[in-house]
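The residues making up each chain are set out below.
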Amino acid sequence: AKNPLKHVPRDAFHTLKSPCLMSLDLSATLGGVPASLVECSRMAQLNLAMMRLSTFPEQVLALKGLRILNLSDNKISSGEAISAPDLGTDFGGLSPRRLVASLVWVSLETVPDVITCLTELREMNLTNNDISTLPNEMGLMGPKLNSLLLEGNCLK
């Protein structure tokens, strides 16, 4: 569905006092991810597709309850946009969760370091990116990864 919202105010979630918000679709909005998104501590599902993002939105790391993250159709070209050392020992709270991540049509050239640290990751969709090789660490991701989609990449 087409989202008619064009811009989200930076303090939108602080104003709403929305710690109980569990699902949010900001797809196709402009202006970036609001810093106040960190107020949504119970967020489980977040759609940030088609937002013209060029870097991984660090606000996502504060969402301890996040289970589904969609960053599809953005221009996050570098897997170095965010890496495990930047997240600290708990990887921003992402590691112990059953996460489903979609990074389709994002222009990734490498798999982000943080992905290989998500031992509870269930599904990962990296379809239609510019990935040519997979890091060896992906083999250490654990037995819980049930689905890894790589269609449309130039894997060697």
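Here the structure is a predicted model, which means the values were calculated and not measured.

**Some details on the overall build of the protein chain**
Argument step 1. For the protein chain, the helix and strand inventory stands at three helices and six strands.
Argument step 2. Taking contacts inside the protein chain between residues at least 6 apart in sequence as the whole, the part at least 24 apart equals 43%.
Argument step 3. On the protein chain, roughly 8300 Å² of surface is accessible, and the fraction owed to carbon and sulfur atoms is 55%.

**A few points about the sheet that holds strand β1 (residues 23-25)**
Argument step 1. What the six strands build is an open sheet, ordered β1-β2-β3-β4-β5-β6; its pairing is parallel. A strand with exactly one partner marks an edge of an open sheet, and here the two such strands are β1 and β6 (147-149). Within this sheet the neighbouring strands show an average axis-to-axis angle of 5°, counted without direction.
Argument step 2. Where strand β4 (residues 100-102) lies against strand β5 (residues 123-125), three bridges are found, and the strand directions are parallel. The residue bridging Val-100 from the neighbouring strand is Glu-123, located in β5.

**Looking at the nonpolar core**
The tendency in soluble globular proteins is for nonpolar side chains to be buried as a group.
Argument step 1. Among the nonpolar cores identified, the biggest contains 31 residues, and Leu-46 and Leu-48 are the most heavily contacted of them.
Argument step 2. Not counting residues within four places of it along the chain, the set of residues in contact with Leu-46 comprises Leu-24, Leu-37, Val-60, Leu-63, Leu-66, Ile-68, Leu-69 and Asn-70.

**Details of the environment of Val-100**
Argument step 1. When you line up the elements, Val-100 lands in strand β4.
Argument step 2. Once residues lying within four places of it in the same chain are set aside, the contact partners of Val-100 are Arg-67, Ile-68, Leu-69, Leu-121 and Glu-123.

**Points about unusual backbone geometry**
Argument step 1. Here Ser-107, not a glycine, exhibits a phi torsion of approximately 75°, which is positive.
Argument step 2. Locating Ser-107 in the fold gives a position in the loop between β4 and α3 (113-116).
Argument step 3. With relative accessibility at 18%, the residue Ser-107 sits in the buried group.
Argument step 4. We note that Asn-128 has phi near 55°; this positive angle belongs to a residue other than glycine.
Argument step 5. Residue class for Asn-128 comes out partly exposed when judged on its relative accessible area of 23%.

**Thoughts on a nonpolar patch on the surface**
Argument step 1. A grouping of Leu-134, Leu-148 and Leu-155 is seen on the molecular surface, where their side chains present a nonpolar patch of about 210 Å² in accessible area.
Argument step 2. Structurally, the position occupied by Leu-155 is in the segment after β6.
Argument step 3. According to the relative accessible area criterion, Leu-155 is partly exposed, its value standing at 38%.

**Re the environment of Met-50**
Argument step 1. Inspection of the secondary structure puts Met-50 in the loop between β2 (45-47) and β3 (68-70).
Argument step 2. In this structure the C-alpha to C-alpha distance between Met-50 and Lys-75, which are 25 residues apart in sequence, comes to 8.9 Å.
Argument step 3. For Met-50, the contacting residues outside a window of four places in its chain are Ser-27, Ala-28, Thr-29, Ser-72, Asp-73 and Asn-74.

**What to know about the environment of Met-124**
Argument step 1. Within the secondary structure layout, Met-124 lies in strand β5.
Argument step 2. Distance in space between the C-alpha atoms of Met-124 and Leu-148 is 5.0 Å, their sequence separation being 24 residues.
Argument step 3. In this structure, Met-124 is in contact with Ala-101, Leu-103, Ile-115, Leu-145, Ser-147, Leu-148 and Leu-149, ignoring residues within four places of it in sequence.

**Looking at the side chain of Thr-127**
Argument step 1. Tracing the chain through its elements places Thr-127 in the loop between β5 and β6.
Argument step 2. A distance of 2.5 Å separates polar atoms of two side chains, one belonging to Thr-127 and the other to Asn-125.
Argument step 3. Not counting chain neighbours up to four residues away, the residues in contact with Thr-127 comprise Leu-103, Val-104, Trp-105, Leu-149, Leu-150, Glu-151 and Asn-153.

**Details of the confidence of the model for the protein chain**
Argument step 1. Within the protein chain, residue pLDDT values average 75, and 71% of them lie at 70 or more.
Argument step 2. Mean pLDDT across the elements of the protein chain ranges from a minimum in helix α2 (residues 84-87), with 39, to a maximum in β2, with 90.
Argument step 3. Every residue in residues 80-97 is under pLDDT 50, and counting partners more than four places away or in other chains gives 41 contacts.

Conventions adopted
Residues numbered from 1 in each chain as written. Predicted model: local features only at pLDDT ≥ 70, side-chain atom pairs only at ≥ 80, totals over all residues. Heavy atoms only, no water. Helix = DSSP H or I, 4+ residues; strand = E, 2+ residues; numbered from the N terminus. Contact = heavy atoms within 4.5 Å. Areas by Shrake-Rupley, 256 points an atom, 1.4 Å probe, with all protein chains shown as cover. Pairing = 2+ DSSP bridges. Axes fitted to C-alpha atoms, helices over the stretch in contact; angles between N-to-C directions. Core = buried A, V, L, I, M, F, W, Y, C linked by side-chain atoms within 4.5 Å. Buried < 20%, exposed > 50% of the residue type's maximum accessible area, 1.4 Å probe, protein only. Patch = residues over 30% accessible without salt bridge, like charges linked within 9 Å, V, L, I, M, F, W, Y side chains within 5 Å. Salt bridge = Lys/Arg side-chain N within 4 Å of Asp/Glu carboxyl O. Polar contact = N/O pair within 3.5 Å; in protein donor to acceptor, adjacent residues only side chain to side chain. pLDDT = per-residue confidence, 0-100.

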